[in-house]
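A closer look at the structure
Each chain, letter by letter, is given below.
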Amino acid sequence: MSSEFLLEIGTEEIPAGYLADGLENLKRLWEELLTRSEIGFSGSPAVYGTPRRLVLRAADVERKQRDRVQEVTGPPKQVAYDKEGRPTKAALGFAQKQGVAVEALGTIVTPKGEYLHVKHAIAGRPTADILAETLPALIAAVPWPKSMRWGGESVPFVRPIHWIVALFDGAVVPFEVAGIRSGRRSAGHRFMAPEPFEVAGWEPYLRDTAARFVIIDPAEREARVKEQVEAAAASVGGRPSDDPELVSINANLVEYPSAVAGHFDEAFLAVPAAVLITAMREHQKYFAVYDQAGNLMPHFIAVNNTRARDERVVRRGHERVLRARLSDARFFFEEDRKRPLIERLEDLKGVIYQADLGTSYAKVQRFGRLAGYLAERILPEKSASVETAARLCKCDLASHMVGEFPTLQGVMGTEYARLEGYPEEVAEALAEHYLPNRAGGEMPRSKVGAVVGVADRMDTITGCFAVGLEPSGSADPFALRRHALAVIRILDEFAWEISLDDLIGRSLEFLSEEISFDRAAVFGKVQAFFRERCRQMMLRAGYAADLVEAVLSVAFDPVTRIPRRLEQLQRFVAESGDFETAALTFKRVSNILKKTEGRFSVDPGLFKEPSEGVLWGAIEAVRAEVIDSVELGEYYAAMQRLKELRDPVDRFFDQVEVMTKDDAAVRENRLALLQDLENLFLRVADFSRFGV
C-alpha cells in the first residue's frame with residue numbers, strides 16, 4: 001500500500017536566486033532518503049516554491065519499509081566444531097550473539113573456506129516512523145549559497161523557519177527542527193491573507209493556497225509575470241524587454257505577481273540606453289519598455305507582490321524610487337564625460353589586478369603588446385585600431401558608472417568612445433573584447449575586439465599559471481577554463497591559424513620582464529591546459545574519445561584545424577569496414593618501436609626479403625601526396641593514400657622477422673622502415689590510440 005506525502009517549510013523571504021537550486025536539492029535529498037531507507041516509491045516528487053515556502057509532494061510512497069534479510073558470517077567452520085562435530089565456544093558464542101540456537105546455524109562457502117552463517121528476517125518499519133526520525137536531518141542538509149542561524153538555534157537554514165507542514169497518509173509526521181514543531185498549519189499571503197489555515201491534503205492545500213493569494217508553482221508565476229508585464233507594456237503602447245532571467249527573478253520575488261506600468265522623465269533618455277536599462281534592472285528589477293521600432297521609451301514595468309488597491313499610488317511610489325536611481329546614473333554619466341576615456345588609463349595604476357601580477361595598468365601594457373604581436377600576423381591592416389582598442393578597453397573600469405554598475409564594464413567604454421569620436425571598430429571592440437563571457441555565449445563580431453580579447457585572456461591564463469593560481473578540481477576563481485575555451489572558440493570562429501604555442505611563449509616572454517618564474521615549466525603547464533580544454537570541447541561536440549585522443553596526441557597547433565581533422569577522420573573510419581584491423585596493425589608497429597632506442601635511416605641495399613622493398617616502394621609512392629594533403633587540411637585524402645600501405649605492411653609482417661638477432665644492421669634497417677612508416681601515419685593521427 002502506498003500513500004501521499006506533503007512537506008511545506010514556511011520561512012522568511014528566501015533570496016530569488018536561491019530558490020530553484022534549493023528546490024532541486026530538496027528533491028534530491030528526499031529521493032536519497034527513501035532509497036537509503038529502502039522505502040518504495042513511484043516516480044519523482046514534485047517540488048514547488050515561493051519566497052516564503054518550499055513545498056515537496058510525493059504522490060506514491062510505500063507505507064512500510066521493505067522487509068529484508070540480514071546475513072551475518074561467523075567464525076570458520078573448522079574452529080567452530082571439534083573433530084567429533086561438537087560446537088566449540090566459537091560456535092556457541094556466535095549463536096548467542098545472534099540470538100539463535102546453535103542448531104540453527106548454517107554454513108557458507110567463501111573463497112577463504114567454509115564459515116558459519118545465519119540469516120535474520122527483519123520486518124520493515126512504518127514509513128511514518130522513519131520519516132519522523134530522518135526529516136529533521138534532511139531539512140538541515142539542504143545546501144544553500146549562504147545559510148543563517150537565528151535566536152538560540154543551532155540548525156542553519158537559508159532563512160528563519162516559521163512553520164512546517166508534514167503529512168503522510170493525511171496524518172501529521174511529528175518532528176522538530178530549529179524549535180519548530182511540525183504540524184498541519186500553514187499560512188497564506190503575508191499581506192493579503194496572513195491568517196493561518198489547516199492543511200488536510202494535497203488537493204485542499206492547492207485550493208486553500210490559491211484562495212489565499214499564493215501561487216506555489218514557479219512556472220505558473222513566471223507565466224503570469226510574463227503575461228502581466230506584456231499587458232502593462234501594451235497599455236503604454238510598447239513592448240517589454242525580452243529578458244527571461246528577469247522574468248524568473250521577479251517570479252521568485254513574489255507569491256502573487258501584479259504588474260504596473262510607470263513613467264520617467266524623457267530628459268533621462270539623453271543618457272545611454274544601456275545605463276537606463278541597467279539602473280532599472282539591477283537595482284529595481286524593472287522591465288524596460290520599447291516602442292515598435294525598438295527604441296527605449298520613458299516607461300518601465302514593475303512587478304508587485306500584492307494587488308494594488310489604488311494603482312496610481314503604487315505607480316507613483318515606483319516612479320519616485322526610479323527617479324532617484326536615474327538621477328544618480330545621469331550624474332555619474334555626466335561626471336565621466338568631463339574626462340577623456342584615455343586619461344583613465346593612468347588611474348589603473350592605482351588598481352591592483354592581482355597581488356603577484358601587479359596593477360591593471362601593468363596588465364594592459366602586457367596584453368597590449370601581445371595584441372599588437374597577434375595583429376601583425378593575422379590582422380595587419382587593423383594594427384593601429386587594435387593598439388588603440390587595447391589601450392582603451394579597461395579604462396572604463398576607473399569610471400564612476402562602472403563603479404556603480406559593474407555589469408556595464410566594456411559597455412560604457414564603447415559608449416564613451418563613440419561620443420569621443422573614435423572609429424566604430426575601436427568603440428565596438430571595447431565591449432566585444434569581453435565576448436564570449438560564458439560557455440556558448442555570444443561571439444565578438446569585431447575582429448579588432450576578438451584580437452584584443454584573445455590577448456587579454458592569454459595574459460590572464462599565463463599570468464595565473466606563472467604565480468601558481470592554476471585551477472584545481474572544481475576551484476577556478478579566475479575562470480581560466482572559460483578563458484581558454486573562449487580563446488579556442490575565437491580562433492576557430494575567425495579561422496585564424498595562429499600558433500597557440502607561439503602566443504603562449506610570447507605572452508610568457510612579456511610577463512618574464514616583470515616577474516620571475518620557470519618559463520619552461522609554466523609553458524608546459526599552459527600548453528597541457530589548452531590541450532585538455534580542446535579535448536573537452538571535442539568530446540562535447542560528439543566525437544569519439546579514442547578519435548580525439550588519436551588526433552590531439554599528434555596535432556594540437558593550430559587548433560583551428562582540429563575539428564576539420566576529426567570530421568574527416570570520422571568519415572574515413574565510418575567508411576572503412578576493416579579500420580579496426582588496420583589500427584591493430586599500426587599498434588603493432590608502435591609497440592615494436594616503443595622498445596627501440598635511437599633513430600635509424602633506411603638503406604635499401606640492406607633489404608633481405610622482397611616484402612621489405614615492396615613496403616619501402618609503397619611508402620615512397622604515397623609520401624609526397626600524404627604530406628601535401630595534410631598541409632592543405634585534406635586529411636581524408638591523406639588517409640585514402642595511406643590505406644594503400646595496408647597490404648604491403650601485412651606482407652612485411654608475414655615474411656619478415658623485424659627483431660632478428662642474426663644481423664644488427666639488418667635489424668636496425670627494418671626498424672628504420674617501421675619508423676618511416678609510423679612518422680607518415682603520425683602526420684594524420686596516432687592510430688595506436690584507437691580502442692584505448
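Notes on the structure in this doc start here. (Residues numbered from 1 in each chain as written. Predicted model: local features only at pLDDT ≥ 70, side-chain atom pairs only at ≥ 80, totals over all residues. Heavy atoms only, no water.)

At the junction of leucine 435 and proline 436, the peptide bond is cis and its omega measures out at -5 degrees in the coordinates. Cis geometry marks the peptide bond from aspartate 557 to proline 558; its omega dihedral reads 5 degrees. Positioned with a positive phi, lysine 285 is a non-glycine residue whose angle comes to about 60 degrees. Inspection of the secondary structure puts lysine 285 in the loop between helix H8 (273-284) and strand E15 (287-290). (Helix = DSSP H or I, 4+ residues; strand = E, 2+ residues; numbered from the N terminus.)

What follows deals with the nonpolar core. Within the largest apolar cluster, 133 residues are counted, with the highest numbers of intra-cluster contacts made by Phe530, Leu645 and Phe687. Looking at which element gives the most residues to this core, the answer is helix H16 (residues 447-466), with eleven residues. Aside from chain neighbours lying at most four places away, what touches phenylalanine 530 is Met458, Ile461, Ala484, Val487, Ile488, Leu500, Ile504 and Phe556. (Core = buried A, V, L, I, M, F, W, Y, C linked by side-chain atoms within 4.5 Å. Buried < 20%, exposed > 50% of the residue type's maximum accessible area, 1.4 Å probe, protein only. Contact = heavy atoms within 4.5 Å.)

Moving on to the sheet that holds strand E16 (residues 296-304). Taking strand neighbours across the sheet as the criterion, the four strands line up as E13-E15-E16-E14 in an open arrangement whose pairing is antiparallel. Unpaired on one side and paired on the other, strand E13 (239-240) and strand E14 (258-263) mark the two borders of the sheet. Inspection of the sheet shows E14 paired to E16 by six bridges, in the antiparallel sense. Across the sheet, the residue bridging to glycine 262 is phenylalanine 300, located in E16. The strands touched by helix H6 (residues 218-234) within the sheet are E13, E14, E15 and E16, with E14 carrying the most contacts at an inclination of about 30 degrees. (Pairing = 2+ DSSP bridges. Axes fitted to C-alpha atoms, helices over the stretch in contact; angles between N-to-C directions.)

Every regular strand shows the same layout, with side chains that alternate between the two sheet faces. Across five bridges, strand E2 (residues 46-50) lies against strand E3 (residues 53-62) in antiparallel orientation. Paired with glycine 49 across the strands is leucine 54, a residue of E3. Adjacent in sequence and paired antiparallel, E2 and E3 are bridged by two residues.

As a further point, take the pattern of salt bridges. Within this structure, the stated rule accounts for 48 salt bridges. Residue glutamate 133 is joined to arginine 125 by a salt bridge in which the shortest nitrogen-to-oxygen separation is 2.6 Å. Three or more residues are tied together by salt bridges with common partners; here these are Lys363, Arg366, Lys394, Asp456, Asp459 and Glu514. (Salt bridge = Lys/Arg side-chain N within 4 Å of Asp/Glu carboxyl O.)

According to the stated counting rule, one finds 13 aromatic pairs in the structure shown. Here tyrosine 286 and phenylalanine 300 contribute two aromatic rings whose centre-to-centre distance is 4.7 Å and whose plane-to-plane angle is 20 degrees, an arrangement assigned as stacked. Of this pair, tyrosine 286 sits in the loop between H8 and E15 while phenylalanine 300 sits in strand E16, placing them 14 residues apart in sequence. Ring centres of phenylalanine 652 and phenylalanine 653 lie 5.6 Å apart, and the angle between their planes is 75 degrees; on these two criteria the pair is classed as edge-to-face. Residue class for phenylalanine 652 comes out buried when judged on its relative accessible area of 0%. Pairwise contacts between aromatic rings join Tyr48, Trp202 and Tyr205 into one cluster. Cation over ring: arginine 531 sits above phenylalanine 556, and NZ or CZ is 5.0 Å from the ring centre. Its end group placed over the ring of tyrosine 636, arginine 571 keeps NZ or CZ at 3.7 Å from the ring centre. (Phe/Tyr/Trp six-rings, centres within 6.5 Å; stacked < 30°, edge-to-face > 60°. Lys NZ or Arg CZ within 6 Å of the ring centre and 35° of its normal.)

These figures come from the coordinates and say nothing about function on their own.
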